[in-house]
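Survey of secondary and tertiary structure
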Amino acid sequence: MDRGALDALASKVAAEGITEQEEIFRKLRELGMSPIEAIYTASRLLGLSLPEAKTALYESPSWRDQQAGWQEMQSPLGDG
């Protein structure tokens, strides 16, 4: 993850005047961001902590189709 590039992207999106949370998540999805990149960038744009941005992304309609994969990935973490 290139934080400099993601910070530049956040500046570009902010300059476009996109401020609505769901609109930001939709834009990041359209740009092909990974969930981790989207969480980082959204946290910058929305002034959220990373955990807050992660929760918001997981609840976002724009990313809803990814939830099954996220749950599968995280479920082994609780089995140990």
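Our subject is the structure listed above.
In this report, the structure presented in the accompanying data block is examined.

The rules we used
- Residues numbered from 1 in each chain as written.
- Predicted model: local features only at pLDDT ≥ 70, side-chain atom pairs only at ≥ 80, totals over all residues.
- Heavy atoms only, no water.
- Core = buried A, V, L, I, M, F, W, Y, C linked by side-chain atoms within 4.5 Å.
- Buried < 20%, exposed > 50% of the residue type's maximum accessible area, 1.4 Å probe, protein only.
- Helix = DSSP H or I, 4+ residues; strand = E, 2+ residues; numbered from the N terminus.
- Contact = heavy atoms within 4.5 Å.
- Expected span 1.5 Å × (residues − 1).
- Arc of directions from axis to C-beta.
- Polar contact = N/O pair within 3.5 Å; in protein donor to acceptor, adjacent residues only side chain to side chain.
- Axes fitted to C-alpha atoms, helices over the stretch in contact; angles between N-to-C directions.
- Left-handed = near helix turned anticlockwise from the far one by under 90°.
- Nonpolar A, V, L, I, M, F, W, Y, C, P; charged D, E, K, R; others polar.

Concerning the nonpolar core
- Ranked by internal contacts, the top residues of the largest apolar core, which has 16 residues, are Phe25, Leu28, Met33, Ala38 and Leu57.
- If you list the elements that add at least two residues to this core, you get α1 (3-15), α2 (21-30), α3 (35-46) and α4 (50-59).
- Discounting chain neighbours no more than four positions away, the residues touching Ala38 are Leu28, Met33, Leu57 and Trp63.

Some points on α3
- Its 12 residues give α3 an end-to-end C-alpha distance of 16 Å, which sits within 8% of 16 Å, the value for a rise of 1.5 Å per residue.
- What α3 keeps buried is the set Ala38, Ile39, Tyr40, Thr41, Ala42 and Ser43.
- Looking at the buried residues of α3, the elements they touch are α1, α2 and α4.
- Taken from the residues just after α3, Gly47 is the one with a positive phi, measuring 70°.

Some points on α2
- Every buried residue of α2 is listed here: Glu22, Ile24, Phe25 and Leu28. One side of α2 carries all its buried residues, which in axial view fall inside an arc of 160°.
- Of the surrounding elements, those touching the buried residues of α2 are α1, α3 and α4.
- Where α2 begins, the side chain of Glu20 points an oxygen toward the backbone nitrogen of Glu22, at a separation of 2.8 Å.
- Of the residues one or two after α2, Gly32 is the one with positive phi, at around 80°.

Focus on the packing of α2 against α3
- Across the interface, α2 lies against α3 with an axial gap of 10 Å and an inter-helix angle of 145°. Seen along the crossing, α2 lies across α3 with a hand that is right-handed. Residues Gln21, Ile24, Phe25 and Leu28 of α2 form the contact with α3, whose participating residues are Ala38, Thr41, Ala42, Leu45 and Leu46.
- A breakdown of the residues in the contact of α2 with α3 according to their chemical character gives seven nonpolar, two polar and no charged.

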